Amino acid sequence: MAPFHIRPARPEDCADLLRLIKELAKYEDMEDQVVLTEKDLLEDGFGEHPFYHCLVAEVPKEHWTPEGYSIVGFAMYYFTYDPWIGKLLYLEDFFVMNEFRGFGIGSEILKKLSQVAVKCRCSSMHFLVAEWNEPSIRFYKRRGASDLSSEEGWRLFKIDKEYLMKMATEDRNYSSQP
Amino acid sequence: MAPFHIRPARPEDCADLLRLIKELAKYEDMEDQVVLTEKGYSIVGFAMYYFTYDPWIGKLLYLEDFFVMNEFRGFGIGSEILKKLSQVAVKCRCSSMHFLVAEWNEPSIRFYKRRGASDLSSEEGWRLFKIDKEYLMKMATE
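Note that the structure is predicted; figures quoted are calculated from it, not measured.

So, how was this worked out
- Residues numbered from 1 in each chain as written.
- Chains lettered and ligands numbered in written order.
- Predicted model: local features only at pLDDT ≥ 70, side-chain atom pairs only at ≥ 80, totals over all residues.
- Heavy atoms only, no water.
- Helix = DSSP H or I, 4+ residues; strand = E, 2+ residues; numbered from the N terminus.
- Buried < 20%, exposed > 50% of the residue type's maximum accessible area, 1.4 Å probe, protein only.
- Areas by Shrake-Rupley, 256 points an atom, 1.4 Å probe, with all protein chains shown as cover.
- Lys, Arg positive; Asp, Glu negative; His and termini not counted.
- Salt bridge = Lys/Arg side-chain N within 4 Å of Asp/Glu carboxyl O.
- Contact = heavy atoms within 4.5 Å.
- Pairing = 2+ DSSP bridges.
- Arc of directions from axis to C-beta.
- Right-handed = clockwise from strand over helix to strand, strands pointing away.
- UniProt positions renumbered as here; feature names shortened; annotations may be inferred.

Remarks on the overall build of chain B
Right, on to step 1. Of the regular secondary structure elements, chain B holds 5 helices and 5 strands.
Right, on to step 2. In sequence order, the secondary structure elements of chain B are arranged as α-β-β-α-β-α-β-α-β-α.
Right, on to step 3. Looking at chain B as a whole, 45% of its 142 residues qualify as buried.
Right, on to step 4. Accessible surface, chain B: about 7,800 Å² in total, of which carbon and sulfur atoms supply 52%.

If you want it as structure tokens, here you go:
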């Protein structure tokens, strides 16, 4: 296949980022849950305080998709912090369009991410994988990944906005004792 | 008990932060795994958090560490810390607060569920993975 190259995303890539985010959500059958807009992505990723970073995979004109897209894959990441070992690179989203798989794009994106992690002196890269997603689990395990949920029993929890607003404003006693 | 107050940490608090991080690690039986360096306690609890990003809904508040010294529990300090965290989350327009809890840590699970928490690992099957530095360096250079 013709060459592709991986580069950091630019503000003008936000439309493509949103397109690929929705495509990945569709793959997980959750497309209508994407409420983020291009404007959000622009403000949140390319403003004064970026909340995320992206790498994109671009192909030359002769390999653009029928719709005219040149960006065929992306990875969204940011930096997190482990109070025992310090900085971590957190891989939030990672997707290559179906028709562009099997050419080493995913591996090259991971390689670039690893270089970022090493350069920024991160101790590790963390990410979530759905337990049913066996192809991805194999992809990562081949590269040295271990499952911390299995090994150490970690479970991911969330407290959604409605409950946060409750806690932010009330004086309720949550004690389990009478 | 005497009143307490919750405030943002300052640079001069780092010695206390490390002390409490180690104390929490001891509670999890992992004290010797703390390798971060640094340096009549008035600081008796802490929460460490940062902002993360969900590509579907945007900004999140991520609660990384949360600990109150044993002898200071039961006085509402934890609740007050959570209340302040919730205010930060709402002010910064975060859609949700995420955090990990160990599956054996039933008191914590109950503490969070009482406040509206749901277990995304159970509900959606998410598993946390890591790729450590030795494998990152392999990938970075091969």
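Read on for the rest.
Here's the deal with the side chain of Arg 143 of chain A
Right, on to step 1. Within the secondary structure layout, Arg 143 of chain A lies in the loop between helix H4 (134-141) and strand E6 (146-147).
Right, on to step 2. Although buried, Arg 143 of chain A forms no salt bridge, and the nearest oppositely charged side chain, Glu 142 of chain B, lies 6.7 Å from it.
Right, on to step 3. Beyond its immediate stretch of four places on either side in the chain, Arg 143 of chain A contacts Ser 107 and Leu 110 of chain A together with Ile 131, Tyr 135 and Met 139 of chain B.

Observations regarding the sheet that holds strand E4 (residues 118-119) of chain B
Right, on to step 1. Taken together, the 5 strands give an open sheet; going across it, the order is E1(B)-E2(B)-E3(B)-E7(A)-E4(B), and neighbouring strands pair in mixed fashion. The open sheet terminates on both sides in strands that have one partner only, identified here as strand E1 (45-54) and E4 of chain B.
Right, on to step 2. Where E1 of chain B lies against strand E2 (residues 58-68) of chain B, 10 bridges are found, and the strand directions are antiparallel. By the bridge assignment, Met 48 of chain B is partnered in E2 of chain B with Asp 65 of chain B.

Looking at helix H5 (residues 133-141) of chain B
Right, on to step 1. Within the span of H5 of chain B, buried status applies to Leu 136, Met 139 and Ala 140 of chain B. The arc that holds the buried residues of H5 of chain B, viewed along the axis, is 100°, so those residues lie on one side. When the buried face of H5 of chain B is taken as reference, the exposed residues oriented beyond 90 degrees from it are Glu 134, Lys 138 and Thr 141 of chain B.
Right, on to step 2. Those residues of H5 of chain B that are buried are in contact with helix H3 (105-119) and strand E5 (124-130) of chain A together with strand E5 (126-132) of chain B.

Comments concerning the pairing of E2 of chain B
Residues and elements named next belong to chain B.
Right, on to step 1. Of all 11 residues making up E2, 10 are buried, and the element is well covered by its neighbours.
Right, on to step 2. Here E1 folds back onto E2, and the loop between the two strands holds 3 residues.
Right, on to step 3. With 2 bridges connecting them, E2 and strand E3 (residues 96-102) associate as parallel partners. Residue pairing across strands places Leu 61 opposite Met 97, the latter belonging to E3.
Right, on to step 4. Crossover connection from E2 via helix H2 (residues 77-91) to parallel E3: handedness right-handed.

Notes on the UniProt feature "domain: N-acetyltransferase" (unreviewed entry) in chain A
Right, on to step 1. Residues annotated by UniProt as "domain: N-acetyltransferase" (unreviewed entry) correspond here to residues 4-170 of chain A.
Right, on to step 2. Between the end C-alpha atoms of residues 4-170 of chain A the distance is 54 Å, and the span holds 36% helix and 29% strand.

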